[in-house]
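# Notes for the structure review
So you can see what is in the structure, the chains are spelled out below.
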Protein chains: 2
Amino acid sequence: MNMNWLSKFAPLPEDFSGIQTPADLARWELSNWLPEHSFTLEPDPSMGDGFRISGSTITGGETGLLYGAYALLRHMQAGAPLPSESCPRYPLRMIDCWDNMDGSVERGYAGRSLFFEGNCFAYHPDRLRHLARLMASVGLNVLCISNVNVHEPAQGLLDEFLPDLSALADLFRPFGIRLMVSVDFSMPIRDGFSSADPRDAGVQAWWQAAAARVYREIPDLAGFLVKADSEGRPGPFTYGRTHAEGANLLARALRPFGGVLVWRCFVYNCRQDWRDHTIDRPMAAYDTYQPLDGQFDENVILQIKNGPFDFQVREPVSPLLLSMQKTRMALELQLAQEYTGQQIDLYTMAPMWREIFQDLPPERIQAIAAVSNFGRDENYFGHPLAAVNLFGFGLLAWNPEITPEEIVSQWILLTYDFLPEDQETLGRWMLASRRIYEKYTSPLGLGWMITPHTHYGPNPSGYEYDLWGTYHRASRDAVGINRTSAGTGYTCQYPPALRQRYEDASACPDLLLLFFHRLPYGFRMKDGRSLIQRIYDDHFEGAEQAARLLEALKGLPFPEPDRQVILDRAVRQKENAENWRDVINTFFHRLSGVPDALERKIFD
Amino acid sequence: MNMNWLSKFAPLPEDFSGIQTPADLARWELSNWLPEHSFTLEPDPSMGDGFRISGSTITGGETGLLYGAYALLRHMQAGAPLPSESCPRYPLRMIDCWDNMDGSVERGYAGRSLFFEGNCFAYHPDRLRHLARLMASVGLNVLCISNVNVHEPAQGLLDEFLPDLSALADLFRPFGIRLMVSVDFSMPIRDGFSSADPRDAGVQAWWQAAAARVYREIPDLAGFLVKADSEGRPGPFTYGRTHAEGANLLARALRPFGGVLVWRCFVYNCRQDWRDHTIDRPMAAYDTYQPLDGQFDENVILQIKNGPFDFQVREPVSPLLLSMQKTRMALELQLAQEYTGQQIDLYTMAPMWREIFQDLPPERIQAIAAVSNFGRDENYFGHPLAAVNLFGFGLLAWNPEITPEEIVSQWILLTYDFLPEDQETLGRWMLASRRIYEKYTSPLGLGWMITPHTHYGPNPSGYEYDLWGTYHRASRDAVGINRTSAGTGYTCQYPPALRQRYEDASACPDLLLLFFHRLPYGFRMKDGRSLIQRIYDDHFEGAEQAARLLEALKGLPFPEPDRQVILDRAVRQKENAENWRDVINTFFHRLSGVPDALERKIFD
């Protein structure tokens, strides 16, 4: 079994019957690592997930004891800083799986589902315990196992599959992980009701009964996750109700049992006419939810993607996250590399998260979630180095102040037995990987330009005349959409400081320039280069760096099978980067007619 | 049951046991139409498919009697000219179905397969007899029921499904229709061989045994159809053998039984790098097959698409069809509207066929085939008016000199009870429909610009940076690929007269201009307009005509359910045409920067 960053840990025992609680597990982990040393675990239920370490004593809540033990082990194995006392910034540190019961994983790049196959539960308990241990070792505590796009028979998770769900909850419980389940807003209709209207008393009673049924089996279920009125999913709009009414309907059913209702804010017009310039997709979430601030029940959490589009390589922070004052919110990240190389191209996310939290004060949100990047592949993550994204997300969810450098160096130390020089080389490339990918793909915050549907590889106008609201409107003269107050007005959704930063092209960060502005190819960048030359330069540099990355990875002593997988993928990344470089450069060269100042090859 | 152009015929008898042969059927058809009149059917086996009508006597081969009867009935019902003597130009008048055994139809727009479902044979005998009657009524005599892309378990058609195939052959036999079956070149490997090499004696013996087995069950099977070394299909190239060796391997197995081997010439590099300008896809078929002229056995027929690309709205005739001297060839057409509106947009093909035969002397080919456009929809064809394409193809295969006007007017007379004025209106729009579709889609022979994979609706650069060899290379200055002797040299594949016509942009027909030439937007067309203005004009006109078509169809007295289906589709066509118009105009306007001289709306 591939151990990922637990490679220095002992395998879990085959007979797991002696480990019933997180404290049991903490005890087992410590005694396995340091059999000669005796630790005292001192429960203090008031501390919850938090812990205190003093000498050989760990004090903490039931889960706090486990997190303390893992913190200690990470410290001993990888020199991670060991706080004498720690508690997580966010009580809910969630992983959202987009797994379907047929065994497929929507936007999954690490094999099929670890949980399902053939419309049944189907898993290897050992493999799931190892996944649970990976999660627990970095403090993750909620797992939503089913896709937010609820395809039949996943509606049955609240019903005929409840015993299976309960058994799975039992499996994850010793790891301090509570399950969550995605629900379909129209489920009462499946059950014979004529509507799913939140104001219908029968519908309300249906959800109350459903919650009672579920909590009878799984008293510690974290709650429900909902994608409503989005990309074809049913929702309260069908009945002329607001999303506050829709969310509260479910939240009230969950409240008696202490469950939360996580409501995704991924709502936009996905039937937009490209000819209609009055709609600007990034404005949609704010327009839909901001007016509802104050109307959501206390146990509702709005889950909001980091950017206003959809997990592009670079987006400004979602203005909705900065504007809600009386509503609980979760930041949603995506570990699955849907638009960012699909676990073929190397893409370490921590630097991107760092930037998000530079604009998003950590106290603005009350929870944090990420779409999973794991699956049935032997190494769980498709690309062995993609494991750092689950690892790093756990540490970030515990403490959003953590630096990308800390995440990457700890992960390398835990995962591989490298000499310091190799650690340093690998760390440097991992930290650079996001910028490399960004350079060879669509330029300067423009986003998209990706092959429709598959979302791997370039297609500059693949979505240009489509329904998805993701346009670049590149012409022979200029490219981009003016999203300032003089344009679509998107910048007005931001608080003053950010509004100012983005409003003026001369103040706007280069890397977001084409997100906010429509600019001629001759536009002068801060460093004096023209916009078009900057586009060419980035693309030549990005592809060159991808080639150098391959060489660097060849020189590193990865153990097999990681080495082969990593090098195979790096070769594909190099080709992908060359293709992106050439397609994007050709696309803009055909439009602008401007030659490359350095006379590098741009194809006709 | 929707009778299509047999609407004035009586339904076939439920008990079909009295009709065993085409002559039986001829007798039944005549006696049903004119019960009081007595016809004499005089068999003359030497006449084969041909017939002679003199007074009340029809003389002909077994099938000739049937075709004579249908000619007589078409004459009496629709005033079709009645020859005193007739025989078909081509002995093989074939329909190729792209039906898979799972019930899907590749590029099918009329519902699921009429033959298969759930990886079994599954059909309604009555429905199939009606299909057979439709075919026989216009002289079609070969039906290949299975997709040239042979997906498991369709390999089993030569094996475990042989009894089913034989039963189906029995069903079609009274209609003078012989079955054909698509085979997979690698089938010996499925049977445990380590290779499918044509020079391997074991492989040769395998095919001989397979043919013997099949012909024991179906002595009149027409033969096998093969797609080899094309779009991922296996073929002789795997073993370093030519396609002559590959085709002869199978042909020799079929020869003892009188079967033909139909070998599709749809071979090109579908992994082309868009950056590589040295490959020009339209040249591929000629380059592959022309050097093999003379090497094919007598019972091999090369099946060649009408154009060098793939069933675009307008292509020059394939130079391969004009160049083979010692090889039997079949022209391949496509009735399924893959790239031409998918039986949503009205598209009557006869005018296009007329143009093909203007450049292709009918005697150059020895057979004719078309990809089917029927399926399980109630009306068989998705769009009721798309039936004309199967109807017309039958008449064309019999006599390629037939005019589009004759085809359309006969079809209307047989199908609908319209007053002359309505007949004329419908006929005019049907005859205009191909030019209308052509006007609003990709301009002047450029082709493609279609949504990848689905092939419905516009996407100007959807295939531009892809592997398929279908590039327009449009820049701010010019569009198209120079395929003259000064360019890729494609024109050199033509005989002198055509070469001359296409070589010079000033001689080249406008509608093929961008197939052969790369031209600046300011290029002067023969009528004085600029190229870009011509593009705009065509697109405005095409969309306007689609709107007028909808109005015209509304005014016609179609019976239900045809009327509703026709109008629903015409509404979709109108929207499709508007979208094409706007996308293509915007695409070229963004590139060229040239405004429309008539100041019509072009979106930014």
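Residues numbered from 1 in each chain as written. Chains lettered and ligands numbered in written order. Predicted model: local features only at pLDDT ≥ 70, side-chain atom pairs only at ≥ 80, totals over all residues.

To continue, consider the overall build of chain A. Looking only at helices and strands, chain A features 17 helices and 16 strands. Over its C-alpha trace chain A gives a radius of gyration of 24 Å, about what one expects of a compact globule, namely 25 Å for 604 residues. Out of the 604 residues belonging to chain A, those deemed buried represent 54%. The long-range fraction of contacts in chain A, counting pairs at least 24 apart against all pairs at least 6 apart in sequence, stands at 68%. (Helix = DSSP H or I, 4+ residues; strand = E, 2+ residues; numbered from the N terminus. Rg over C-alpha atoms; globule rule 2.2 N^0.38 Å. Buried ≥ 20, exposed ≤ 12 C-beta atoms within 10 Å, placed from the backbone. Contact = placed C-beta atoms within 7 Å.)

On to the sheet that holds strand β2 (residues 51-54) of chain B, then. Residue and element names in this part refer to chain B. Strand order across the open sheet formed by four strands is β1-β3-β2-β4, with mixed pairing between neighbours. The open sheet has two edge strands with one neighbour each: β1 (40-43) and β4 (85-86). Where β1 lies against strand β3 (residues 57-60), four bridges are found, and the strand directions are parallel. Each residue of the ladder has a partner; that of Thr40, found in β3, is Thr57. (Pairing = 2+ DSSP bridges.)

Leaving glycine out, the prevailing phi sign among residues is negative, and the prevailing peptide bond configuration is trans. Pro153 of chain A follows Glu152 of chain A through a cis peptide bond whose omega is 5°. The phi angle at His453 of chain A is positive, at roughly 70°, despite the residue not being glycine. Its location among the elements puts His453 of chain A in the loop between α13 (420-440) and β15 (478-479). The residue Arg473 of chain B is not glycine, and still its phi comes out positive at about 50°. The class for Arg473 of chain B is partly exposed, based on 17 C-beta atoms found within 10 Å.

This brings us to the interface of chain B and chain A. Chain B puts 20 residues into the contact, and the matching count from chain A is 20 residues. Here the side of chain B that touches chain A is built from residues that sort into seven nonpolar, six polar and seven charged. (Nonpolar A, V, L, I, M, F, W, Y, C, P; charged D, E, K, R; others polar.)

Moving on: the pairing of strand β12 (residues 300-305) of chain A. All names here are of chain A. Of all six residues that make up β12, six are buried, and the element is covered over most of its length. Side-chain alternation along β12 places Val300, Leu302 and Ile304 on one buried face and Ile301, Gln303 and Lys305 on a second face that is also buried. Where strand β11 (residues 260-264) meets β12, four bridges bridge the pair, whose relative direction is parallel. Across the sheet, residue Val262 finds its bridge partner in β12, namely Ile301. Here β12 runs beside strand β13 (residues 329-334); their pairing, made up of four bridges, is parallel. By the bridge assignment, Gln303 is partnered in β13 with Ala330.

These two copies of the chain differ by a rotation about an axis and a displacement along the same axis. In screw terms, the move from chain B to chain A is a rotation of 180° and a rise of 0.0 Å along the axis, fitting with an RMSD of 0.0 Å. Taken together, these values place the two copies in the relation of a two-fold axis. (Least-squares fit on C-alpha atoms with pLDDT ≥ 70 in both.)

A word on the sheet that holds strand β2 (residues 51-54) of chain A. Pairing within the open sheet is mixed, and its four strands lie in the order β1-β3-β2-β4 (chain A). Since the sheet does not close on itself, it has two edges, and those belong to β1 (40-43) and β4 (85-86) of chain A, each with one partner.

It is worth spelling out the environment of Thr488 of chain B at this point. Residue and element names in this part refer to chain B. Summarising the element assignment, Thr488 is placed in the loop between β15 (478-479) and α14 (496-503). The sequence separation of Thr488 and Gly522 amounts to 34 residues, and the corresponding C-alpha distance is 23 Å. Filtering out sequence-adjacent residues up to four positions away, Thr488 remains in contact with Asp280, Met283, Ile481, Asn482 and Arg483.

Counting 382 residues, the largest nonpolar core has Leu179 of chain A together with Leu179 of chain B as the members making the most contacts within it. Not counting the four nearest positions on each side in its chain, Leu179 of chain B is found in contact with Leu143, Ile145, Leu165, Leu168, Ala169, Phe172, Ile218, Leu221 and Ala222 of chain B. (Core = buried A, V, L, I, M, F, W, Y, C linked by C-beta atoms within 7 Å.)

Another aspect to go through is the packing of helix α10 (residues 350-359) of chain A against helix α12 (residues 404-415) of chain A. Residue and element names in this part refer to chain A. Between α10 and α12, the least distance of the axes is 8 Å, while the angle of their chain directions is 155°. By the angle between their axes, α10 is roughly antiparallel relative to α12. Pair α10 / α12 crosses with right-handed handedness. Residues Ala350, Pro351 and Arg354 of α10 lie in contact with α12, whose contacting residues are Pro404, Ile407 and Val408. Its residues assigned to classes, the contact of α10 with α12 shows five nonpolar, no polar and one charged. (Axes fitted to C-alpha atoms, helices over the stretch in contact; angles between N-to-C directions. Parallel < 35°, antiparallel > 145°, perpendicular 65-115°, else oblique. Left-handed = near helix turned anticlockwise from the far one by under 90°.)

All names here are of chain A. In terms of residue burial, strand β9 (residues 178-183) counts as a mostly covered element, since six of its six residues are buried. Of the two faces of β9, the one lined by Arg178, Met180 and Ser182 and the one lined by Leu179, Val181 and Val183 are each fully buried. Looking at chain direction, strand β8 (residues 142-144) and β9 are connected through three bridges and run parallel. For Val142, the partnering residue across the bridge sits in β9 and is Arg178. A crossover links β8 with its parallel partner β9, the connecting element being helix α4 (residues 162-172), and its sense is right-handed. Pairing between β9 and strand β10 (residues 223-226): four bridges, direction parallel. Looking at β10, one finds that Met180 is bridged to Gly223. (Right-handed = clockwise from strand over helix to strand, strands pointing away.)

All names here are of chain A. For helix α7 (residues 243-254), which comprises twelve residues, the first-to-last C-alpha distance of 17 Å matches the rise-based estimate of 16 Å (1.5 Å per residue) to within 8%. Extensive coverage of α7 is indicated by the burial of ten of its twelve residues. Within α7, the full set of buried residues consists of His243, Ala244, Gly246, Ala247, Asn248, Leu249, Leu250, Ala251, Ala253 and Leu254. Against α6 (201-217), β10, β11, α8 (284-289) and β12 lie the buried residues of α7. (Expected span 1.5 Å × (residues − 1).)

Okay, the packing of helix α2 (residues 62-78) of chain B against helix α12 (residues 404-415) of chain B next. All names here are of chain B. Across the interface, α2 lies against α12 with an axial gap of 9 Å and an inter-helix angle of 80°. Considering the angle they form, α2 stands roughly perpendicular to α12. Here α2 contributes Arg74, Gln77 and Ala78 to the contact with α12, which in turn contributes Gln410, Leu413 and Leu414. For the contact of α2 with α12, the per-class residue count stands at three nonpolar, two polar and one charged.

With 100% of its residues at a pLDDT of at least 70, chain A reaches an overall mean of 96. Interface confidence for the predicted complex, expressed as ipTM, amounts to 0.92; the pTM equals 0.94. (pLDDT = per-residue confidence, 0-100.)

Take the environment of Leu157 of chain A next. All names here are of chain A. Residue placement: Leu157 occurs in the loop between β8 and α4. Distance from Leu157 to Val181, taken between C-alpha atoms, is 7.6 Å for residues 24 residues apart in sequence. The contact partners of Leu157, leaving out residues within four places of it in the chain, are Ser146, Leu165 and Val181.

The complete set of buried residues in α10 of chain A reads Ala350, Met352, Trp353 and Ile356 of chain A. All buried residues of α10 of chain A fall inside an arc of 155° around its axis, so they share one side. (Arc of directions from axis to C-beta.)

This brings us to the environment of Tyr70 of chain A. Residue and element names in this part refer to chain A. Position of Tyr70 among the secondary structure elements: in helix α2 (residues 62-78). Overall, the presence of 25 C-beta atoms within 10 Å leaves Tyr70 in the buried class. Along the chain, Tyr70 and Tyr239 lie 169 residues apart, while their C-alpha atoms are 48 Å from each other. In this structure Tyr70 touches Ala136 and Ser137, once residues within four positions along its chain are discounted.

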